[in-house]
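Residues per chain are reported as follows:
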Amino acid sequence: ASYESATNLNPNVDYLFGNLLHTRMQLCDWQEFDERVGELLHRIHANQRSATSFSVLSLSGSLSVQRKAAEIYSQDKYPPAAKPVWSGQRYEHARIRLAYVSCDFKVHPAALNNIGMWERHDRDKFELIAISYGEVFQEDATAQGQMRTRLVKAFDRFLDVGGKSDEQIARLMQELEVDIAVDISGTMQGSRQGIFAHRPAPVQVNLYGYTSGAPYMDYLIADRVVIPPEHQWGYTEQVVYMPESFSANDDSRQVSSRQFTRSEMGLPEVGVVYCSFNNAYKINPQMFDVWMRVLQQVPGSVLWLQGSGQEKVKENLRREASVRGVDPTRLVFAVRVESMAEHLARHRLADVFLDTLPFNAQTTAVDALWAGLPVLTCLGGSSFGRIAGSVLMALGMPELVAASLQE
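To keep things clear, this report deals only with the structure shown in the data block. This one's a predicted model, so the numbers in the text were calculated from it and none came from an experiment.

**Some remarks on the layout of surface pockets**
(1) Moving on: A volume near 450 Å³ is recorded for the second largest pocket.
(2) Moving on: In this structure, the second largest pocket is lined by 19 residues; those nearest its centre are Tyr100, Met117, His121, Leu207 and Met242.
(3) Moving on: At the level of secondary structure, the elements contributing two or more residues to the lining of the second largest pocket comprise β1 (96–102), α6 (109–120) and β4 (180–183).
(4) Moving on: The biggest single contributor to the lining of the second largest pocket is α6, with three residues.
(5) Moving on: Classifying every residue of the lining of the second largest pocket gives twelve nonpolar, five polar and two charged.

Below you can see the structure in the form of structure tokens.
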């Protein structure tokens, strides 16, 4: 409602149009969806500051649109500093100083996915530094406290720098003589790409998977499924390929031994359970069309979705199901489970995880696979539309990767 009021007052406020559209997506409010997305794409092609680079990922799978939006946003918000902090000095370290920079060193997908990788870095060759500008958590028995303890232990140095400016953090990194700086937050919520705009390190790497649109980000880590060589033009960075999948996962995660029953979770005792625990903003009318056709072709099946506390999402999706001729009671909304181990365990009640497009499941797909639930995905045009396919290909399950929604 606030975005609507702002639009009525001044529709040309920077990024307002895209923020309103992204907020509607978070509510599964798809009124005039095609027209609104069409208008957004027109504005981006006209070089207008209409959407943040992250919000575009769920609205268009077009490489050219995503690159253009990222370039507009980074040039506006995080242009290269007039005087770079690193000015060509050559460091001669016995070990390469590798800094990971983020606001998400906490119970968050960025840390949950990568912590196993950080713990396994070759310490004979690399010195690992965490540059954390997010909230500081106390080390205690809570999930965040336990994660904090494990993260601090995973790095040679763990630095909390949230009170410093972007330039001050960049200067600190230069004083530390960081050789390679890796950004794992990009332009997502709470991120500070401006640190990298000051060029704190000789080599700057994007590990968040979509293009920064910024000339100071040198490399983007990917694999050949996520970014096939013929797609490299859609990214402003030079693409560096991992041999298998670029997605990391923590193999120490526990799946609870608790045996949930379908009735406990509000699911029918018989019938196929399709599941999609993606965030609401990844669902769109085209994807929902596909899912509803699946339900119509499989009598007695249900679709199990996230929805804890999201009453507007439930209301809108039930209405959309009715419009497509599907009984809205065939949508079952999962309740919140506090324990990650129990959340993983309840996946066993489902039969197939259905992925979204143009923005795939990433952590949610890995969660499902980790719990033993097959994921059915479809390859999109951009990196975030190919992540689940990359994981499945690396696991040797190409039969679960469709080339089109029709397939």
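**Points about empty space enclosed by the protein**
(1) Moving on: On inspection of all chains with the given rule, the structure shows three cavities of 30 Å³ or more.
(2) Moving on: By volume, the largest cavity amounts to about 60 Å³.
(3) Moving on: Looking at the largest cavity, the residues that line it are Ser53, Leu57, Leu63, Gln66, Arg67, Ala70, Tyr210, Thr211, Gly234, Tyr235 and Ser383.
(4) Moving on: Residue contributions to the lining of the largest cavity peak at four residues, all from helix α5 (residues 63–77).
(5) Moving on: Partitioning the lining of the largest cavity into residue classes produces five nonpolar, five polar and one charged.
(6) Moving on: The space that makes up the second largest cavity amounts to roughly 50 Å³.
(7) Moving on: Lining of the second largest cavity is provided by Cys28, Ser276, Asn278, Asn279, Ala280, Ile283, Leu305, Gln306, Gln310, Val313 and Leu317.
(8) Moving on: When the residues that make up the lining of the second largest cavity are grouped by side-chain class, the tally is six nonpolar, five polar and no charged.

**Some details on the packing of aromatic side chains**
(1) Moving on: Tallying each qualifying case throughout the model produces 19 aromatic pairs.
(2) Moving on: On the numbers, 6.1 Å between centres and 55° between planes, the contact of Phe54 with Tyr210 is tilted. Placement of the pair is Phe54 in helix α4 (residues 53–56) and Tyr210 in the loop between β5 (203–206) and β6 (219–222), with a sequence separation of 156 residues. Assigned by exposure class, Phe54 and Tyr210 land together as buried.
(3) Moving on: Ring geometry for Phe105 against Trp118: centres 5.5 Å apart, planes inclined by 50°, an arrangement best described as tilted. Taken together, the positions of Phe105 in the loop between β1 and α6 and Trp118 in helix α6 put the pair 13 residues apart, joining distant regions of the chain. Summarising the burial analysis for this pair, Phe105 and Trp118 share the class buried.
(4) Moving on: Put simply, the rings of Phe54, Tyr208, Tyr210, Tyr281, Phe359 and Phe384 pair up and form one aromatic cluster.

How each quantity is defined
- Residues numbered from 1 in each chain as written.
- Predicted model: local features only at pLDDT ≥ 70, side-chain atom pairs only at ≥ 80, totals over all residues.
- Heavy atoms only, no water.
- 1 Å grid on protein atoms, 1.4 Å probe; cavity = no way out; pocket = protein on both sides within 12 Å on 5 of 7 lines; lining within 4 Å.
- Points joined across faces, edges and corners; volume = space filled by probe spheres on them.
- Helix = DSSP H or I, 4+ residues; strand = E, 2+ residues; numbered from the N terminus.
- Nonpolar A, V, L, I, M, F, W, Y, C, P; charged D, E, K, R; others polar.
- Phe/Tyr/Trp six-rings, centres within 6.5 Å; stacked < 30°, edge-to-face > 60°.
- Buried < 20%, exposed > 50% of the residue type's maximum accessible area, 1.4 Å probe, protein only.

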